[in-house]
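Residues per chain are reported as follows:
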Amino acid sequence: MSPFWVVLGRVEGAVGAVLLDREGEELERLALDRSALPDWIASTEHEHGPRWVWNDAPAWYPALLERGIRVSRCHDLRLCRIILRTSALVDRDADVRVPSAWDAAATAMESAPTLFDFDAADGATLPDDLESAVAEFARQRDAIGTSTDPARLRLLVAAESAGALVAAELQAAGLPWSTAEHDRILTDILGARPAAGGVPAKMDAAARRVRGALGDPAASIDSQPKLLRALHRVGVQVESTSRWELAEQQHPVIEPLLEYKKLSRLHSANGWAWLAEWVRDERFRPVYVPGGVVTGRWASSGGGALQLPRQLRAAVRSDPGWRLIVADVAQLEPRVLAAMARDTALADAARGRDLYAGILETGAVDTRAEAKIAMLGAMYGATTGDSGRLVPRLRRTFPRAMALVDDAARVGEDGGVVSTWLGRTSPPPSDGWMQLQARATEADAADGEQTRARRWARDRGRFTRNFVVQGTAAEWALAWLADLRTRLSALPEVDDGSAAPRSGPAFARRPHLAFFLHDEIIVHAPESLAEEAAAAVREAADVAGRLLFGDFPIDFPLDLRIAESAEKT
DNA sequence: CCGAGCTGCGCG
DNA sequence: AAAGCGCGCAGCTCGG
């Protein structure tokens, strides 16, 4: 009988595997020498394609990828536990809620030990032995099975686990990056590359002009307090040195100062030092952190993958003979909101077109820009300014969608928790928050306490309001990634040596994911397969929508282009 | 000398 | 005009 699940973990001096059937009944148990493990995993994957159950994907998967072994499915115990132990869908008394060593590494483990090097794993806080993994897997299966909606949670943990595989593969493959183009952009904007520790020419020139306008040749520009005082001395009365406030001022120092700040930002965040540290073999390899954000979005650690600046997108360049498929979802969050709320009016406004143009057509607002500001305000909880003023108009036109986010806000203000579409639940309020709210309702509460309590309540309301939308959008994106990953892996490898990728693991010889950021993906594909890969990207988006929302009539149109660079047009 | 905290920027 | 969500990071200041 084919194993449906294979649980992996350390046993004395080796690696143990427990093969389970679909219902979790044990079929077989074996111990493998470390050196034999990769081949065994590869052949078992090939023959049975099981779900690999392991404590933490970064501890197992990168080493397999290095050996050219890719798996199609896994169950990541660490990530799934984080979801299940706090999900409102899971029974209050479920064993998975009982605190244990599995919670020690609730956040991503730094520099996880690899499976072929268990001796170095002594410092690891997450359990890595086979029996612990088997027991934890049973707890998690029980939590899902006895939950109020097993189907949704199964989908969520499968998507989350697929994300763990994708993250490891993204890091292994890397984003194709042209060092020469990056250097050209830097030289163009900043001036010639300085000697170590020096300031680039154009940045230095801007600094001199700032100091000239300040009448102080020694003025410090990089220190916010000193710069603020220097500005006050020449009569520029600003409260901060932020760009928007400076831009309002009329003074000769403003123009060069804003210029300096722009150049300085590029130089320090993505200058030559960044290039040397993060780009190797023409690949940018950020560290992705799946589930790193409370809402379920990914975070990143190192390399600043969440900030790939527009200025540098031209440096993202496909290898010779290859192409990039660059795709993002237009207005993902409001579409997700329409589907969650079963708001057919908003879905109609969204279908097959720019959602904001659709809102404009309903007459709820007067311009597309207003539609966008109003919708963002509704999802973020704006109360003032243009945004706050426009939200009530949306409330009249899309009452169901607005009721969903308004309800989420009210629950949060009252100290409750909210959940995404698939069942990821927001953290409860902190003890301090609860104490303040309790204190504010007492008869002798000071005005200041009541004011502060109300402010904290509204703050939390805006968080839960946004949580349901941002978190469900993250789930849609995971489903998109997971389905796309499978489709791409079914495309052929290039056999033409001239079109081989410059660098990367074996799986990168066929179309593969190269970048992911919230609602955008980049696929790197041989030119001959680019159209097929693009079709896969679109099909996966359709599948993700149906997977989450069934036959509710919402679509997720993509802005997609096939190009040699990721530059936004 | 190190780390926490703050400011400011840029990404979705 | 710069609010209303979620992040990471650089560079600075300041306290220990």
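Residues numbered from 1 in each chain as written. Chains lettered and ligands numbered in written order. Predicted model: local features only at pLDDT ≥ 70, side-chain atom pairs only at ≥ 80, totals over all residues. Heavy atoms only, no water.

Trainee: Go over the pattern of salt bridges with me, naming the residues and quoting the values.
Mentor: For the structure shown, the criterion picks out 36 salt bridges. In this structure, aspartate 103 engages arginine 81 in a salt bridge whose closest nitrogen and oxygen atoms are separated by 2.6 Å. In this pair, aspartate 103 is assigned in the loop between α3 (77-86) and α4 (130-145) and arginine 81 in helix α3, connecting sequence segments 22 residues apart. You can call aspartate 103 buried: its relative accessible area is 18%. The exposure class assigned to arginine 81 is buried, which follows from its relative accessible area of 1%. (Salt bridge = Lys/Arg side-chain N within 4 Å of Asp/Glu carboxyl O. Helix = DSSP H or I, 4+ residues; strand = E, 2+ residues; numbered from the N terminus. Buried < 20%, exposed > 50% of the residue type's maximum accessible area, 1.4 Å probe, protein only.)

Trainee: Kindly report on the packing of helix α15 (residues 368-380) against helix α19 (residues 447-489), identifying the contributing residues and their values.
Mentor: Look at α15 against α19: their axes get within 7 Å of each other, and the N-to-C directions meet at 110°. If you check the angle between α15 and α19, you find them roughly perpendicular. In this structure, α15 contributes Ala378, Met379 and Tyr380 to the contact, and α19 contributes Arg462, Arg465, Asn466 and Val469. When the residues that make up the contact of α15 with α19 are grouped by side-chain class, the tally is four nonpolar, one polar and two charged. (Axes fitted to C-alpha atoms, helices over the stretch in contact; angles between N-to-C directions. Parallel < 35°, antiparallel > 145°, perpendicular 65-115°, else oblique. Contact = heavy atoms within 4.5 Å. Nonpolar A, V, L, I, M, F, W, Y, C, P; charged D, E, K, R; others polar.)

Trainee: Quick one: what's the story with the protein's contact with DNA strand C, residue by residue and with numbers?
Mentor: Around DNA strand C sit 29 residues in total, of which Gly302, Gln307, Ala382, Arg462 and Phe463 are the nearest. Each atom of DNA strand C within 4 Å of the protein belongs either to a base or to sugar and phosphate, the latter forming 83%. Interatomic distance of 3.0 Å between a side-chain N/O atom of serine 223 and a phosphate oxygen of DNA strand C. Contact distances for DNA strand C include 3.1 Å between a sugar or linking oxygen and a side-chain N or O atom of glutamine 470. Looking at the surface near DNA strand C, the elements that each hand over two or more residues are α10 (254-270), β10 (299-300), α15 and α19. With four residues, α19 is the single largest residue contributor to the surface near DNA strand C. Per-class residue counts for the surface near DNA strand C are eight nonpolar, 15 polar and six charged. (Near = heavy atom within 4 Å. Polar contact = N/O pair within 3.5 Å; in protein donor to acceptor, adjacent residues only side chain to side chain.)

Trainee: So what's going on with the domain arrangement of chain A? Which residues, and what values?
Mentor: What the domain assignment reports for chain A is domain 1 (5-148), domain 2 (180-275), domain 3 (285-332 + 474-563) and domain 4 (342-465). If you average the C-alpha positions of domain 2 and of domain 3, the two centres end up 36 Å apart. Taken together, the contacts link eight residues of domain 2 with eight residues of domain 3. Of the roughly 700 Å² buried at the junction of domain 2 and domain 3 (both faces included), carbon and sulfur atoms supply 64%. Connecting domain 2 to domain 3 are zero salt bridges. Taken together, domain 2 and domain 3 are joined by one residue pair in polar contact (both at pLDDT 80 or more). Counting residues per element, the ones that place at least two in the side of domain 2 that touches domain 3 are α6 (179-190) and α10. For the side of domain 2 that touches domain 3, the element with the highest residue contribution is α6, accounting for four residues. (Domains from an automatic or database assignment. Buried area = accessible area lost by both parts, 1.4 Å probe.)

Trainee: Quick one: what's the story with the protein's contact with DNA strand B, residue by residue and with numbers?
Mentor: Looking at DNA strand B, there are 18 residues lining it, with Gln224, Thr241, Arg243, Arg310 and Asp519 nearest. Considering DNA strand B, the proportion of its atoms within 4 Å of the protein that are sugar or phosphate atoms stands at 77%. Between DNA strand B and arginine 265 there is a distance of 2.8 Å, counted from a base oxygen to a side-chain nitrogen or oxygen. Note that a base nitrogen of DNA strand B is positioned 3.2 Å from one of the side-chain N or O atoms of arginine 297. Looking at the surface near DNA strand B residue by residue, the classes come out as four nonpolar, seven polar and seven charged.

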